[in-house]
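One-letter residues, chain by chain:
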Amino acid sequence: MNQIPLVAKLTNVSIDNPSGPILKDVNCSIAEAELCYLIGKTGSGKSTLLKLLYGENELTTGRAEIAGTNLSTLTPANIHLYRRKLGMVFQDFALFPEWSVFDNLSYVLKATDWTNKKEIQNRVEEVLTAVQLDTERSRLSAKLSGGEQQRLAIARAILNKPELLIADEPTGNLDPESADEILNLIRRLTLENNMASIVATHDHSLLQRFPARVLRCEGGTIV
C-alpha cells in the first residue's frame, strides 16, 4: 500500500532561547489531508512550535521539513516564498474592517504577485464559495458576524492553495455553535484541498466533537 505523503516532519528538533531549552527531542509529522490538534498548558511550547512552522523561530538542533522546505535553509531573502506554502488563521481574524469581503481577499493575491484581474476575481469567487460567503462579497468585513469573519479569514488563508494550514486558537472568540461551524469548515477544506492542518486550541471539548490526532506539549517536548 502506498504511504500517504508527509507535509510536515520534525526529527529530533530542539528550540532554545537565551534562558535555555523550550522544546527538545520533538519528533512528529503531519500527512496530506490530515487535521491534527496541538494542545498544552500556557507556556508549554505551543506558540514556540507554531512559530517554528511559520519560520519565525529557528531550530537549535534537529531537522524540520515543511512543505518540501528544509527550515534550516530559510533566509530573509527566501522566507516569503516559503510562507506562500502556508495558510495562517488567528483568533482575532486580523482583517481590514473597513474593506469589503472581496477587497480583503484580492489584496492578498495582488500582494503575492497575481496580476491578471480576471484570475484574481475567479480565485476570490472560488474561495468565497468554498467558505459559503459568496453572497457577502460587497459587505464590509466589520459588518460580518464573528463566525463569518473567521470564515473570511480562512478563505484568505487558502487563497494560494497552501500545503499546510496553521490555525492558532481559531475558535477562541466564537460562541459554541460558530466554533463547531469553523471546525467543520477546516476539516472539510483539509480534505478537499489535500492539505495538512494543525489546530492549536485550549478548547478540549472540540477534541471530543471532532476527533483527530492530538499533539500535546508536555514536559518540554511533544507527546
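Check the entry above for the structure.
Note that the structure is predicted; figures quoted are calculated from it, not measured.

## A word on the sheet that holds strand 6 (residues 86-89)
- Taken in spatial order, the six strands line up as 6-7-8-3-9-10 in an open sheet, and their pairing is mixed. Where the open sheet ends on each side, the last strands, each with one partner, are strand 6 and strand 10 (221-222).
- Relative to strand 8 (residues 196-200), strand 3 (residues 35-39) is paired through four bridges, and the arrangement is parallel. Within strand 8, the residue paired with leucine 38 across the bridge is alanine 200.
- Each of strand 3, strand 7 (164-168) and strand 8 is contacted by helix 6 (residues 176-192), which is oriented at about 130° to strand 3, the strand it contacts most.

## Comments concerning the pairing of strand 1 (residues 6-17)
- Sheet topology note: the strand 1/strand 2 (residues 20-31) ladder contains eight bridges and is antiparallel. Paired with leucine 6 across the two strands is alanine 31, which belongs to strand 2.
- Counting the residues between successive antiparallel strands, the hairpin from strand 1 to strand 2 contains two residues.
- Examined bridge by bridge, strand 1 and strand 4 (residues 61-66) share five bridges and lie antiparallel to one another. Paired with serine 14 across the strands is threonine 61, a residue of strand 4.

## Points about unusual backbone geometry
- Although it is not a glycine, alanine 67 adopts a positive phi angle of roughly 50°.
- Here alanine 67 is to be found in the loop between strand 4 and strand 5 (69-70).
- What makes alanine 67 buried here is its relative accessible area of 4%.
- Even without being glycine, lysine 161 reaches a positive phi, approximately 50°.
- Note that lysine 161 resides in the loop between helix 5 (146-157) and strand 7.
- With relative accessibility at 58%, the residue lysine 161 sits in the exposed group.

## Details of the nonpolar core
- With 38 residues, the main nonpolar core has Tyr37, Leu105, Leu152, Ile154, Ile186 and Leu189 as its most contacted residues.
- For this core, the secondary-structure elements that each account for two or more residues are strand 3, helix 3 (101-111), helix 4 (117-130), helix 5, strand 7, helix 6 and helix 7 (205-209).
- Every residue in contact with isoleucine 154, bar those within four places of it in the chain, is listed here: Val89, Val131, Ile182, Leu185, Ile186 and Leu189.
- Core analysis: the next-biggest nonpolar cluster, separate from the first, contains 33 residues, Ala8, Ile15, Leu49 and Leu71 among them.

## Quick notes on helix 4
- Taking 1.5 Å of rise per residue, 14 residues should cover 20 Å, and helix 4 covers 20 Å from first to last C-alpha, within 8% of that figure.
- When helix 4 is considered as a whole, its buried residues turn out to be Ile120, Arg123, Val124, Glu125, Val127, Leu128 and Ala130.
- Contacts from the buried residues of helix 4 go to helix 3, helix 5 and helix 6.
- Regarding helix 4, its N-cap is asparagine 116, as a side-chain oxygen of that residue lies 3.0 Å from the backbone nitrogen of lysine 118 further along.
- After helix 4 finishes, the residue glutamine 132 shows a positive phi value of roughly 60°.

## Notes on the pattern of salt bridges
- Within the structure shown, the criterion is met by nine salt bridges.
- With a closest N to O distance of 2.8 Å, arginine 137 and glutamate 125 form a salt bridge. Taken as a pair, arginine 137 in the loop between helix 4 and helix 5 and glutamate 125 in helix 4 lie far apart in primary sequence, twelve residues in all.
- Salt-bridge contacts for glutamate 192 lead to arginine 188; the nearest nitrogen and oxygen are separated by 3.1 Å. Residue glutamate 192 and its partner arginine 188 are both found in helix 6; the two are separated by four residues, about one turn of the helix.
- The network of salt bridges with shared partners includes Glu136, Arg139 and Glu148.

## Comments concerning helix 5
- Across its twelve residues, helix 5 extends 17 Å between first and last C-alpha, which sits within 8% of the 16 Å expected from 1.5 Å per residue.
- Counting buried positions over the twelve residues of helix 5 gives eleven, a clear majority of the element.
- Residues of helix 5 that are buried include every one of Gly147, Glu148, Gln149, Gln150, Arg151, Leu152, Ala153, Ile154, Ala155, Arg156 and Ala157, and no others.
- Check the buried side of helix 5 and you find it contacts strand 6, helix 3, helix 4, strand 7 and helix 6.

Conventions and cut-offs
Residues numbered from 1 in each chain as written. Predicted model: local features only at pLDDT ≥ 70, side-chain atom pairs only at ≥ 80, totals over all residues. Heavy atoms only, no water. Pairing = 2+ DSSP bridges. Helix = DSSP H or I, 4+ residues; strand = E, 2+ residues; numbered from the N terminus. Contact = heavy atoms within 4.5 Å. Axes fitted to C-alpha atoms, helices over the stretch in contact; angles between N-to-C directions. Buried < 20%, exposed > 50% of the residue type's maximum accessible area, 1.4 Å probe, protein only. Core = buried A, V, L, I, M, F, W, Y, C linked by side-chain atoms within 4.5 Å. Expected span 1.5 Å × (residues − 1). Polar contact = N/O pair within 3.5 Å; in protein donor to acceptor, adjacent residues only side chain to side chain. Salt bridge = Lys/Arg side-chain N within 4 Å of Asp/Glu carboxyl O.

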